[in-house]
Amino acid sequence: ARLDAPEWSHASRDRLAAEKPSVIVVMLGVNDRLPLRDRVPATKGTTTPPPDNDHPAATAAEAQRPPPGGKYEFHTDKWAELYAKRIDDMIAALKSKGVPVLWVGMPAIRGTKSTSEMSYLDELYRARAEKAGIIYVDIWDGFIDDQGRYAQQGPDFEGQTRRLRTYDGVYFTK
């Protein structure tokens, strides 16, 4: 979700156009803690009509509203609104294939702030998935310790304790 990145929904539609999946699993977001821009709606003309004295001036609320194309910092209300729209658009694109869609939440990552940020993103994913009627898979507890902090090691699929995360504290081991 970088400022200049294509929308997930467009990239997903393009990628899935030639695919015939029986299920779609989504997990993304670790790099999405960046500012977002409000996409400026496309218009037919680029010129602004001259002022029309027959129409009243903009209201105070309209004058205070940021213009489209504004930049919004991570974890602000407007950022959450824009990000939720991206999630909704992505889910709609994926659901258009007519197969089950599972949205996998993010795990805790190393660092108190980073872990908090992943938790915040997970709440957005969970809410949007529930609203859209798709399955949200919460993996959080598999990657934290007894005190709720990031854990680099944990049980593998056979129950054996293994290093699950790479040394950067973000990615998974193979």
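Residues numbered from 1 in each chain as written. Predicted model: local features only at pLDDT ≥ 70, side-chain atom pairs only at ≥ 80, totals over all residues. Heavy atoms only, no water.

Quick notes on the sheet that holds strand β4 (residues 101-104)
The condition is simple: Any two strands with at least two DSSP bridges between them are considered paired. Per the convention used, a helix needs a DSSP run of H or I reaching at least four residues, while a strand needs a run of E reaching at least two, with both numbered from the N terminus. Simply put, an axis is a line fit to the C-alpha atoms, just over the touching stretch for a helix, and the angle between two N-to-C directions goes from 0 to 180 degrees.
Taken together, the three strands give an open sheet; going across it, the order is β1-β4-β5, and neighbouring strands pair in parallel fashion. Looking at the sheet topology across the chains shown, the edges are occupied by β1 (24-26) and β5 (135-137). Averaged over all pairs of adjacent strands, the angle between strand axes in this sheet comes to 25°, irrespective of strand direction. In this sheet, β5 lies alongside β4 in parallel orientation, the contact comprising three bridges. Residue pairing for β5: Leu 102 is matched across the bridge by Ile 135.

Details of helix α4 (residues 112-132)
The condition that has to hold: By this rule the span expected of a helix is its residue count minus one, scaled by 1.5 Å. With a 1.4 Å probe rolled over the protein chains alone, any residue whose accessible area is under 20% of its type maximum counts as buried; one over 50% counts as exposed, and the rest are partly exposed. Whether two residues touch is decided by their heavy atoms; if any such pair falls within 4.5 Å, the residues are in contact.
Compared with an ideal rise of 1.5 Å per residue, which puts 21 residues at 30 Å, α4 spans 30 Å between its outermost C-alpha atoms and is within 8% of the ideal. All of the buried residues along α4 are Ser 114, Thr 115, Glu 117, Met 118, Tyr 120, Leu 121, Asp 122, Leu 124, Tyr 125, Arg 128 and Ala 129. On its buried face, α4 is in contact with α3 (77-95), β4 and β5.

A closer look at the nonpolar core
Here is the rule we go by: Joining through side-chain atoms within 4.5 Å is the link that ties buried Ala, Val, Leu, Ile, Met, Phe, Trp, Tyr and Cys residues into a set, and such a set is a nonpolar core.
With 34 residues, the main nonpolar core has Trp 79, Tyr 83, Trp 103, Leu 121 and Tyr 125 as its most contacted residues. Elements with a minimum of two residues in this core: α1 (8-16), β1, α3, β4 and α4. When residues in this core are grouped by element, the largest group, eight residues, is from α3. Leu 121 has contacts with Gly 29, Arg 33, Phe 74, Trp 79 and Tyr 83, leaving out every residue within four places of it along the chain.

Section: the side chain of Arg 165
Our working rule: His residues and chain termini do not enter the charge count, which takes Lys and Arg as positive and Asp and Glu as negative. Any Lys or Arg side-chain nitrogen found within 4 Å of a carboxyl oxygen on Asp or Glu counts as a salt bridge.
Along the chain, the position of Arg 165 falls in the segment after β7 (161-163). Look at Arg 165: it is buried, it has no salt bridge, and the nearest opposite charge is Asp 168 at 6.7 Å. The residues contacting Arg 165, other than those within four sequence positions of it, are Pro 107, Ala 108, Ile 109, Phe 143, Tyr 150, Ala 151, Gln 152, Val 170, Tyr 171, Phe 172 and Thr 173.

These results come straight from atomic positions and should not be treated as a statement about function.
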